[in-house]
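# Structural overview
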Amino acid sequence: MDLHVVGPLASPAERAGIESVVGPREPGLGGHASRGGHAARGRRDLLLPALHAVQARVGWISQPALNEICRRLTIPPAEAYGVASFYALFSLASRPPVVAHVCDDIACLARGADQLCADLERTLGPAGTPSADGRTTWLRSPCLGLCERAPAALVTVAGEEPRTFAIAPATTARVAAELSDAAIDISRADRWPSAPIPQAGDPALRLLARVGRVDPASLDAYRAAGGYEALGRAFELGPEVVIRELLASKLVGRGGAAFPAGRKWEAVAAAPEHPHYLVCNADESEPGTFKDRVLMEEDPFAIVEAMTIAGVTTGCERGYLYLRAEYPLAAARLTHAIAEARAQGLLGPDVMGRGVAFDIEIRRGAGAYICGEETALFNSIEGKRGEPRNKPPFPVQVGLFGKPTVVNNVETLANVPLIILGGGEAYARIGTEGSTGPKLFCLSGNVTRPGLYEVEFGATLRQLMDLAGGVEGGRALQAVLLGGAAGTFVGPDQLDMPLTFEGTRAAGATLGSGVIMVFDEAIDLPAIVLRIAAFFRHESCGQCVPCRVGTVRQEELLRRLVAGRPNGSRADELRLFDEIAQAMRDASICGLGQTAASAVGSALHGGLAG
């Protein structure tokens, strides 16, 4: 049956945006899609890029534009609306083309984001209020991944030449000035500030060895610094030996789940069904985390090379790099790196002249924390709502497009060339028996030198904080948040905790994604904990009842305690909280619900909130 979409037609600007993704209509087809039936439906994975294209052209997604996308891709309007309304960065209501997204999440909150937003309200009006000429507005935003330069803002400018730039650290005057400049279309160069790497130049660095030292835009510079030696070595060793080295290295995922990477590669390589897919999970949305952003911005060819090694080893001919939309500089540098690698025969139908095909495509998210969960990410790429799938089956069996899929995050892949060149056993000798290799940690909050740090597993929390200069201004330490919003609060008495998977587990904490967020004695910690509860309530996809309801009840309970109005005694509320947390841990479909109470619970039981 034909799909009939009725309503007004998309504007020329909207159609131009859509055609930049799906191609022009073929002549003679009237208002119908350029391809019909299975061919059009087979391109549903272009839905998210098409929505991005419209948003970038006009600043929001109108009903006529959504109708046009539905016509072109043969998608029922209700399903397309369900996707478009799922993502925080898409607007289905008219709004100005220039928007300042001002972060009010936990790292920025610790650096004055509340005062910044209050000042912006007085200066520019309440969040979402258009300027007098209707060209600009500002909005509150979850974490932008700029935690080391908090408070931060991200300005998006829609138009024929859309652009995005950061203001970090942000002030009221800077936000107002940048909005004014952007509104009158002043041309600007790349305005993204350089990533602070306090250890830059240290010869002991491995993962960050090239950062700040090698031009991230030059393939020649990357190769002169040892780039692509690992890919050549991987071809010499062959897939079976590469996987054996990866298993010997004991490398586990660096995104928080800590699953052995070698086992994933081994399972997909052996899977009889084809094609196989590789996905690099670069949807780094955990508040306080920015390590993957730095790697992608400052060493993009290394990520492309590592993905290529993973692809040719596991029999994947195509890789997808799923990148959060709040990282425009990473997108630009990775796009350039992929194009350069392809031009030099390092990607494409004949990688390095070895008769093996592999290529990479970047797909951008649109502001949904849940899409960091691997199966939600698959649904997002496929043009569906970014909701997690039940497991089993697992991605190595039934993953992207229903095929065997390897999923690794950026930092995990960045370790692969080290293993190929140095050998798995040598890599396993770095760190500890249960936590091997180097590890990246994101230090932010009230610390003297916030930034990205690399140490071997086994360094203590105190040693990391000392590297960062300790608590800013010599003030007393109140607490440290390990692992981000899904992590754990620890007190000053736990600074000698070894930062390993086994060490944090023994202390009832977690490494998570490598967040170390420091809060001094002046911070209103209950407000921080409330922001974490609000974050999970907002970011729950709503698919399963334990998470959808539990995150709401958790926030309500916490607000009662902070306000000093508990239902019954505080002990009664804590018992209720524990029941809610247990239900979310046991019955939620994915890790969001399973960890939504972790940091909040550690704060409540540690006497840090309410």
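One numbering rule holds for all chains: residues counted from 1, following each sequence as written. Confidence filtering applies because this is a predicted model: local features only for residues at pLDDT of at least 70, side-chain atom pairs given and counted only at 80 or more, and all residues used for totals across whole chains, interfaces and linings. Side-chain numbers come from the whole structure's heavy atoms, not from hydrogens or water.

As a further point, take the confidence of the model for the chain. The predictor's confidence in any single residue is recorded as pLDDT, a number from 0 to 100. Looking at the chain, pLDDT values average 93 and 94% of them are 70 or higher. In this description, contact between two residues means that some pair of their heavy atoms is separated by no more than 4.5 Å. Below a pLDDT of 50 lies the segment residues 29–34, which in the model reaches 13 contacts outside its immediate sequence neighbourhood of four places, other chains included. Here residues 186–190 is modelled with pLDDT under 50, and outside its nearest four sequence neighbours on either side it reaches nine contacts, counting other chains as well.

Moving on, we come to the pattern of salt bridges. The salt bridge criterion pairs a side-chain nitrogen of Lys or Arg with a carboxyl oxygen of Asp or Glu, the two atoms within 4 Å. Under the defined criterion, the tally for this structure stands at 39 salt bridges. Ionic pairing is found between glutamate 79 and arginine 44, a salt bridge with its closest N-O pair at 2.4 Å. Here the residue glutamate 79 occupies a position in helix α5 (residues 77–84), and arginine 44 occupies one in the loop between α2 (37–41) and α3 (47–58), the gap between them amounting to 35 residues. Looking at glutamate 79, the relative accessible area reads 37%, which means it is partly exposed. The partner of glutamate 382 in a salt bridge is lysine 384, with the nearest N and O atoms 2.9 Å apart. Burial here depends on accessible area, computed with a 1.4 Å probe over protein chains only, as a share of the maximum for the residue type. Under 20% is buried, over 50% is exposed, and the range in between is partly exposed. Its relative accessible area of 36% is what places lysine 384 among the partly exposed residues. Working definition: helices are DSSP H or I runs of at least four residues, strands are E runs of at least two. Numbering for both runs from the N terminus.

A few words on empty space enclosed by the protein. Each cavity reported here is a set of points on a 1 Å grid over the protein atoms alone in which a 1.4 Å probe fits but cannot get out, each pocket an open set with protein on both sides within 12 Å along at least five of seven lines, and each lining residue one with an atom within 4 Å of a point. Grid points are joined across faces, edges and corners, and a volume is the space filled by probe spheres set on the points. Within this structure, the stated rule accounts for three cavities of 30 Å³ or more. Roughly 70 Å³ of internal volume is contained in the largest cavity. Looking at the largest cavity, the residues that line it are Ile370, Pro388, Ser540, Cys541, Gln543, Cys544, Cys547, Ser588, Ile589, Cys590, Leu592 and Gly593. For the lining of the largest cavity, the residue count by class is eight nonpolar, four polar and no charged. Note on residue classes: Ala, Val, Leu, Ile, Met, Phe, Trp, Tyr, Cys and Pro are nonpolar, Asp, Glu, Lys and Arg are charged, and everything else, Gly too, is polar.

This part covers the pairing of strand β9 (residues 438–445). The buried fraction of β9 amounts to eight of the eight residues, a majority that puts the element mostly inside the structure. Strands are labelled as partners when DSSP assigns at least two bridges between them. Pairing analysis gives six bridges linking β9 to strand β10 (residues 451–456), with the strands arranged antiparallel. Bridging from a neighbouring strand, phenylalanine 441 pairs with tyrosine 453 of β10. Counting the residues between successive antiparallel strands, the hairpin from β9 to β10 contains five residues.

By nonpolar core is meant a set of buried Ala, Val, Leu, Ile, Met, Phe, Trp, Tyr and Cys residues that side-chain atoms within 4.5 Å join together. Of all hydrophobic cores here, the largest spans 140 residues; its most connected members are Tyr87, Trp265, Met296, Leu321, Phe489 and Ile532. No other element matches the nine residues that helix α14 (residues 300–314) contributes to this core. If sequence neighbours within four positions are ignored, isoleucine 532 has contacts with Ile106, Leu481, Ala485, Phe489, Ala599 and Val600. Grouped together as the second largest cluster of nonpolar side chains are 25 residues, Phe457, Val471, Val480 and Met497 included.

Right, let's get into helix α15 (residues 328–343). Take the residue count of a helix, subtract one, and multiply by 1.5 Å to get its expected span. If you check α15, its first and last C-alpha atoms are 23 Å apart, about what 16 residues at 1.5 Å a residue would give, namely 22 Å. Where α15 is concerned, the buried positions are Leu329, Ala330, Ala331, Leu334, Ala337, Ile338 and Ala341. Where α15 is buried, its residues touch α9 (219–224), α13 (291–298), α14, β6 (316–323) and β7 (359–364). Just downstream of α15, glycine 345 is the residue with a positive phi angle, here 75 degrees.

The subject of this paragraph is the pairing of strand β13 (residues 515–520). Counting buried residues along β13, six of its six residues qualify, which places the element largely inside the surrounding structure. Burial along β13 is two-sided: the face carrying Val515, Met517 and Phe519 and the face carrying Ile516, Val518 and Asp520 are both buried. Strand direction decides the pairing type here: β9 and β13, joined by four bridges, are parallel. Bridge pairing links serine 444 to methionine 517 in β13.

A separate point is the sheet that holds strand β4 (residues 163–167). If you walk across this open sheet you meet the four strands as β2-β1-β3-β4, and the pairing is mixed. Of all the strands in the sheet, just β2 (136–141) and β4 have a single pairing partner and so form its edges. Taking each pair of neighbouring strands and ignoring which way they run, the sheet shows an average axis angle of 20 degrees. Pairing of strand β1 (residues 98–103) with β2 involves six bridges; the strand directions are parallel. Following the sheet pairing, valine 99 is matched in β2 by threonine 137. Axes, fitted as lines to C-alpha atoms, cover a helix only where it is in contact. Angles between the N-to-C directions of the axes lie from 0 to 180 degrees. Along the sheet, helix α7 (residues 113–124) contacts β1 and β2; its crossing angle with β2, the most-contacted strand, is approximately 155 degrees.

Time to look at the layout of surface pockets. To locate leftover empty space, one rolls a probe as large as a water molecule over the atoms. Reported here for the largest pocket is a volume of approximately 1,400 Å³. Gly255, Gly256, Ala257, Gly372 and Glu373 are the residues nearest the centre of the largest pocket, which is lined by 46 residues in total. Among the secondary structure elements, those contributing two or more residues to the lining of the largest pocket are β5 (276–282), α13, β8 (405–409) and α25 (591–595). Residue composition of the lining of the largest pocket, by class: 14 nonpolar, 21 polar and 11 charged.

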